[in-house]
Amino acid sequence: MDGHLRAYGTADGAVLWDFDTARDFETVNGVKAKGGSMSATGAVVSGGMLFVNSGYGQFGGMPGNVLLAFGAE
């Protein structure tokens, strides 16, 4: 519910990667976008990409309206 997307190590549970989605984003179509809580649905992995929506205003969560796409560098 804090807007962070994290990856954890399988050996010890240590945080390997953390991305704060609860912020403003520049979008490809120029529409104002802001991330928030992530509680409604899970991430999707497809074609070497990770897709996740950010923004869930129910039950006291932080509303938002972004779909984020992550790829390997």
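Presented here is a report on the structure given in the accompanying data block. Here the structure is a predicted model, which means the values were calculated and not measured.

Criteria and thresholds
- Residues numbered from 1 in each chain as written.
- Predicted model: local features only at pLDDT ≥ 70, side-chain atom pairs only at ≥ 80, totals over all residues.
- Heavy atoms only, no water.
- Salt bridge = Lys/Arg side-chain N within 4 Å of Asp/Glu carboxyl O.
- Buried < 20%, exposed > 50% of the residue type's maximum accessible area, 1.4 Å probe, protein only.
- Helix = DSSP H or I, 4+ residues; strand = E, 2+ residues; numbered from the N terminus.
- Core = buried A, V, L, I, M, F, W, Y, C linked by side-chain atoms within 4.5 Å.
- Contact = heavy atoms within 4.5 Å.

### Looking at the pattern of salt bridges
In the structure shown here, the tally under the stated rule is two salt bridges. Close ionic contact of Asp2 with Arg6 constitutes a salt bridge, the shortest N to O distance being 2.7 Å. Judged by its relative accessible area of 38%, Asp2 falls in the partly exposed class. Residues Asp18 and Arg6 are paired through a salt bridge, measuring 3.6 Å at the closest nitrogen-oxygen approach. With Asp18 in strand S2 (residues 15–20) and Arg6 in strand S1 (residues 4–8), the pair connects residues that are twelve residues apart, well separated along the chain. Accessibility expressed as a relative area gives 40% for Asp18, which makes it partly exposed. Relative accessible area serves as the criterion here: at 32%, Arg6 is assigned to the partly exposed category. One continuous salt-bridge network, built from bridges that share partners, spans Asp2, Arg6 and Asp18.

### Description of the nonpolar core
Core analysis: the biggest nonpolar cluster contains eight residues, these being Leu5, Phe25, Ala33, Met38, Val52, Val66, Leu68 and Phe70. Of all the elements, strand S7 (residues 66–71) adds the most residues to this core, at three residues. When sequence neighbours within four positions are dropped, the list of residues in contact with Leu5 reads Trp17, Asp18, Phe19, Thr21, Met38, Leu50, Val52 and Phe70.

By themselves, these observations are geometric and do not establish any function.
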